[in-house]
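# Architecture at a glance
Letter by letter, the chains look like this.
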Amino acid sequence: MVTSNPAPALHNQLSWKPRLTAHHLSLQAEKLMLEMQDPKTGVKSQPQRLFNSPAPLSVCFSSAEARSFGSTLVALGYIYPLRDHKRLVIKPDASLYRFQTPYFWPTQQWPVEDTDYAIYLAKRNIRKKGILELHEQEQYNRLHKWMNHKWDFIVMQAKEQYRAAKERKKPDRVVFECQERAYWVVHRPPMIFTQQSIMRPRVKSSVSIGALVKYCATYRSHDPFLSNCLPSNPWLTDDVTYWTLNMPNVEIPTKMRVERWTFSFGELLSDPRGRNDFRLFLKKEFSGENLAFWESCEDLKWGTAATMREKAEQIYKTFLARGAPRWINIDGKTMEVTVKGLKHPHRYVLDAAQTHIYMLMKKDSYGRYMKSPVFKDTLQKAMSPEEHKFRTFLFKRRPSLSPIVLRQQEQEQKAKMAANVDITQLCRFTTPVPHLAVYSGISDFPSANASPSLPFLAQTPVCPSPISVALDSTSASDRRVEASEGEGEGNPAAPATVGGNASKSRVALSLRRLLRRGCTPTTMFASLSPKCHSAAGTSSRIQPISPDQPSQAPPRRIAK
Amino acid sequence: PAHFQEEIANGGTHFDHTPVRNECKTMLDALNKVTACYRHLVIALGSTSDSQNLREELKRTRKKAQELAVANRTKLTSLLKDKSISKEDRAEYERLWVLFSSSMELLEVDMKRSLEIGQDFPLKVPTRHLIQTGMTGSTTTVAARAMSVQNMKYEADSNIDTADLRDLQSEISQVTQMMEEMEMKVQVAPWAVEAKQEAGAELKSNMSVGNSSVGVISICEEEPKEEEGGGGNRDAGFASICAVLVFLVIITVAVVLGYLVINMS
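Residues numbered from 1 in each chain as written. Chains lettered and ligands numbered in written order. Predicted model: local features only at pLDDT ≥ 70, side-chain atom pairs only at ≥ 80, totals over all residues. Heavy atoms only, no water.

### Comments concerning the overall build of chain B
Regarding its fold elements, chain B presents 7 helices and 0 strands. Order of helices (α) and strands (β) in chain B, N terminus to C terminus: α-α-α-α-α-α-α. Counting contacts in chain B only where the partners sit at least 6 residues apart, residues at least 24 apart contribute 81% of the total. Of the accessible surface of chain B, which amounts to about 13,900 Å², a share of 58% is contributed by carbon and sulfur atoms. (Helix = DSSP H or I, 4+ residues; strand = E, 2+ residues; numbered from the N terminus. Contact = heavy atoms within 4.5 Å. Areas by Shrake-Rupley, 256 points an atom, 1.4 Å probe, with all protein chains shown as cover.)

Here it is in structure tokens:
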């Protein structure tokens, strides 16, 4: 009798972890099988009466726990039932089971061969005098057709195996036949092949393709690679406006974003801004508890295992208990199932209730939300950014700052700094406002930036950031490059050590570039918060990263 | 007969392959039998019918199988290399070749499995228990059938379960090598072979490729009867009880009639 669970750890694993691979499971099962054989600590087998002859041993599973891990073993094929052999389950009665011999254990490295199955069917044919079960007959015919070239061998081998088996004594023969039959029930389950394939659910291709076409048509204009994204795709133009405007909890969403909310309820919920809007609407309608419940369920699903218990209790107290402060309205059956499941809470215990509430919100509140003043207001306020003016440069892909290049510049800068003594020890922090003046090109700084590139700021050597160091080194080499080429975007700035001539030429260079660009989007820089500013001064260097080194620059820089 | 005509057509020097064919068939039958017995023995490994004797049986059956395999291979390869064989004969030898290679595939798999299970279930380790499959009897009769002897004599050492594994490993590699050579040297397309047997041929007795050592297949009605709960037994019981009852009724009727007759007279 198997009354208690000899391996609680394994039991837990078997019940909880659906992601256990088949191989891992087999190893565990084999270990368990071996443990169960120990006459002292394993299970006790009982003799079973059979034709008044010495009885083969069998086992019975009595407790629920034992049944649960036994069911995995029987499903895999490590033990088999003696009665009702086609159903590989452990029944909650005193039915008997027997251990399978190691040769018939399921292992991945020994694939189940059709030849063996054909031999088995032929043997069975002999034993049953030609009367096979329907599924066996089907399989037999199928194999006869596909393995015809081997059929002589199959017949020969079947006959010989049959005769060899008959050499054993009767009880052993019976056990052997049971074993073999159980093996094939596991590996060739008795389902009628043709019927099964007919009953398999299929979707018409017109339906599935139609769905695909509809999806593509809806989302096409929202795909940043298939159509222009406003203001510009940051990966192409190195302009992060797009990301800034679409931050999770931005005040004013973009029109495209709001349009996405109308596609489906799932879109609305998955967008945090949309969810906020929806929450606002529900608050006005006094049905906010649905969304709150849904969010708590998500929290439970995705949260840490340690907090699960408390969360589940909290949710129950807040939403599900009778007289709860935010009681949600779900149907009686779901409530029953949920409450029952909450006795042993796990991650997915509230799935049924969550789905119910989701569908409720989708069918009911979502429709009303779309027509509500809240949504209309949001829609009206939604802004649509202008397309980036530097359209021409979209086609000419400017080389972006490569990390290798950056690192080299960093190293050069370090070397330079080591060589030079610091000119200024101060790192001056100023308010952004003077900077805007700088960025609009009014200042006499040589580093007026007109590029749409990421405007990072550098500091004095005293408080260097890697970016600043990079910038410095960029500028240092850039200067040389750009003085000679006069091309490319971005501005180098003069380190304090540079002489006036160089700065003058740089000013000219940058002004030229300014005019070429024709625009200095100051708002862009305002939205970014520079880390450390430096005030006007000979030491200060305000320079953006110039991500756009001319393509010829790298080799030259390396040479230098 | 057609065979005779063909001989004349070939210029009369055509060698009659019938005895050669029969010899091949006999050898193949022997190999087939040993393979079947070997599989049966391997299935018993690791279970409660496992024992030192079983390990010795496995060893000897295996060696016999290998001898037969080598003999078969030599014979068949030499025949298949012979270019002067007629098309019919060649087709037949190809068929026999397919039989041979299928047997060898089974044998190879079973040898590998017996190595694996033999390693997993050493007999001398007290903490390692055999699986209680319910089989308790010995497999000596199966082995005797394989070896074509009346009784098996066991002479091996008591540590054969571990000692034999080394031999087994080398034999497996030999067999694998042999099969690779076979693949390369003999160009026979297995799927092109047409089987002589139809579906259900196994039901007919004496429909064999050659001479099997055991004659008639006795079609037996054994069935694992657990699911019927010994139904057959019960049926037999019922029948006998009914017969007894009927008998008793008849006796009673006879006695009553006799009594009445006596009373009347």
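### Section: the overall build of chain A
Along its length, chain A carries 26 helices and 4 strands. Burial analysis of chain A (560 residues in total) assigns 46% to the buried set. Across chain A, the fraction of contacts at a sequence separation of at least 24, relative to all contacts at a separation of at least 6, is 69%. (Buried < 20%, exposed > 50% of the residue type's maximum accessible area, 1.4 Å probe, protein only.)

### Describing the environment of A144(B)
Residues and elements named next belong to chain B. Relative to the helices and strands, A144 resides in helix α5 (residues 140-147). Measuring from C-alpha to C-alpha, the distance between A144 and E57 comes to 8.6 Å, with 87 residues separating the pair along the chain. Apart from the residues lying within four places of it in its own chain, the contact partners of A144 are V149, Q150 and M152.

### Description of the interface of chain A and chain B
Facing 68 residues of chain A, the contacting portion of chain B comprises 77 residues. Regarding the contact of chain A and chain B, the summed buried area is about 6,500 Å², with carbon and sulfur atoms giving 57% of it. Taken as a group, Y103(A), W110(A) and R168(A) account for 13% of the area that chain A buries against chain B, more than any other trio of residues on that side. We note a salt bridge from R95(B) to D152(A), for which the minimum N-O separation is 2.4 Å. (Buried area = accessible area lost by both parts, 1.4 Å probe. Salt bridge = Lys/Arg side-chain N within 4 Å of Asp/Glu carboxyl O.)

### Considering helix α19 (residues 373-381) of chain A
Residues and elements named next belong to chain A. Those residues of α19 that sit buried are V374, F375 and T378. Seen along its axis, α19 keeps its buried residues to an arc of 95 degrees; they face one direction. Away from the buried face of α19 by more than 90 degrees, exposed residues P373 and Q380 are located. (Arc of directions from axis to C-beta.)

### Quick word on the packing of helix α6 (residues 151-166) of chain A against helix α4 (residues 87-120) of chain B
Packed helices, taken two at a time, are described by their axes: the angle between them and the distance between them. Packing of α6(A) against α4(B) brings their axes to within 9 Å, and their N-to-C directions diverge by 55 degrees. Taken together, the axes of α6(A) and α4(B) are oblique relative to one another. Like other packed secondary-structure pairs, α6(A) and α4(B) cross with a definite hand, here right-handed. Counted together, D152(A), F153(A), M156(A) and Q157(A) of α6(A) and R95(B), L99(B), S102(B), S103(B) and L106(B) of α4(B) form the full contact between these two elements. Taken together, the residues of the contact of α6(A) with α4(B) sort by class into 4 nonpolar, 3 polar and 2 charged. (Axes fitted to C-alpha atoms, helices over the stretch in contact; angles between N-to-C directions. Parallel < 35°, antiparallel > 145°, perpendicular 65-115°, else oblique. Left-handed = near helix turned anticlockwise from the far one by under 90°. Nonpolar A, V, L, I, M, F, W, Y, C, P; charged D, E, K, R; others polar.)

### Overview of the packing of aromatic side chains
All names here are of chain A. Enumeration according to the criterion identifies 22 aromatic pairs over all chains in this entry. Considering the side-chain rings of Y117 and W184, the 4.8 Å spacing of their centres and the 40 degrees angle between planes classify their relative orientation as tilted. Residue Y117 is located in helix α4 (residues 114-127), and its partner W184 is located in helix α7 (residues 170-187); the two are separated by 67 residues in the primary sequence. Here Y117 matches W184 in class, with each residue buried. Plain terms: the ring middles of Y369 and F375 are 5.1 Å apart, the flat faces sit at 55 degrees to each other, and that makes the pair tilted. Look at Y369 and you get buried, because its relative accessible area is 0%. (Phe/Tyr/Trp six-rings, centres within 6.5 Å; stacked < 30°, edge-to-face > 60°.)

### Notes on the nonpolar core
Counting 99 residues, the largest nonpolar core has L73(A), I79(A), Y93(B), F100(B) and M104(B) as the members making the most contacts within it. For this core, the two domains that each supply at least three residues are domain 1 (19-104) and domain 2 (114-187) of chain A. When neighbours within four sequence positions are excluded, M104(B) is seen to be in contact with L31(B), A69(B), V175(B), M178(B), M179(B) and M182(B). Counting 33 residues, the second-largest nonpolar core is a separate cluster that includes L269(A), F293(A), I330(A) and Y366(A). (Core = buried A, V, L, I, M, F, W, Y, C linked by side-chain atoms within 4.5 Å. Domains from an automatic or database assignment.)

### Re a nonpolar patch on the surface
Together, I241(B), V244(B), L245(B), F247(B), L248(B), I251(B) and V255(B) give the surface a local cluster of nonpolar side chains, amounting to about 660 Å² of exposed area. Checked against the element boundaries, L248(B) lands in helix α7 (residues 231-264). (Patch = residues over 30% accessible without salt bridge, like charges linked within 9 Å, V, L, I, M, F, W, Y side chains within 5 Å.)

### Some details on helix α14 (residues 272-285) of chain A
Residue and element names in this part refer to chain A. If you check α14, its first and last C-alpha atoms are 20 Å apart, about what 14 residues at 1.5 Å a residue would give, namely 20 Å. All of the buried residues along α14 are R273, G274, D277, F278, F281 and L282. With its phi angle positive at about 60 degrees, F286 sits one or two positions after the end of α14. (Expected span 1.5 Å × (residues − 1).)

### Some words on the pattern of salt bridges
Considering all chains together, one arrives at 42 salt bridges over all chains under this definition. Ionic pairing is found between K75(B) and E23(B), a salt bridge with its closest N-O pair at 3.7 Å. Residue K75(B) is found in helix α3 (residues 52-81), and its partner E23(B) is found in helix α2 (residues 18-43); the two are separated by 52 residues along the sequence. With relative accessibility at 24%, the residue K75(B) sits in the partly exposed group. Classification of E23(B) as partly exposed rests on a relative accessible area of 39%. Measuring nitrogen to oxygen at the nearest pair gives 3.3 Å for the salt bridge that ties E94(B) to R90(B). On the criterion of helical spacing, the pair formed by E94(B) and R90(B) is a turn pair, its members being 4 residues apart in helix α4. It is possible to trace a salt-bridge network through shared partners that takes in K86(A), R124(A), E133(A) and E136(A).

### Description of the side chain of R188(A)
Residue and element names in this part refer to chain A. Following the sequence through the fold, R188 ends up in the loop between α7 and α8 (193-199). Judged by its relative accessible area of 17%, R188 falls in the buried class. Here the side chain of R188 touches D114 through a polar contact of 2.6 Å, side chain to side chain. Other than its neighbours up to four places away in sequence, R188 contacts V112, E113, D114, Y117 and Q139. (Polar contact = N/O pair within 3.5 Å; in protein donor to acceptor, adjacent residues only side chain to side chain.)

### With respect to the confidence of the model for chain A
Residues and elements named next belong to chain A. Confidence in the prediction of chain A, expressed as mean pLDDT, is 74, and 65% of residues score 70 or more. Below pLDDT 50 for its whole length, residues 2-19 participates in 30 contacts with residues either more than four positions away or in separate chains. pLDDT under 50 marks residues 425-471. Its contacts with residues more than four places away, or in other chains, come to 138 contacts. (pLDDT = per-residue confidence, 0-100.)

### A look at the packing of α4(A) against α7(A)
Residue and element names in this part refer to chain A. Contact pair α4 / α7: the axes reach a minimum separation of 12 Å and the direction vectors enclose 130 degrees. Our classification of the angle between α4 and α7 gives oblique. Note that α4 runs across α7; the crossing there is left-handed. Between α4, through D116, Y117, Y120, K123, R124 and R127, and α7, the contact on the second element is made entirely by E177, E180, R181 and W184. Across the contact of α4 with α7, the residue classes break down as 3 nonpolar, no polar and 7 charged.

### Some words on the side chain of H222(A)
With respect to the helices and strands, H222(A) occurs in the loop between α9 (205-219) and α10 (234-237). Setting aside residues no more than four positions away along its own chain, H222(A) makes contact with S227(A), M256(A), E259(A), R260(A) and F263(A).

### What about the confidence of the model for chain B?
Detailed reading of the predicted model is not advised wherever pLDDT is low. Residues and elements named next belong to chain B. Averaged over every residue, the pLDDT of chain B is 81; the share at 70 or more is 83%. Taken element by element, the predicted model of chain B shows its lowest mean pLDDT in helix α1 (residues 2-9) (51) and its highest in α2 (93). Segment residues 206-233 is flagged for pLDDT under 50; beyond a separation of four residues in sequence, or across chains, it makes 70 contacts in the model. Across the assembled chains, the prediction reports ipTM 0.75 with pTM 0.52.

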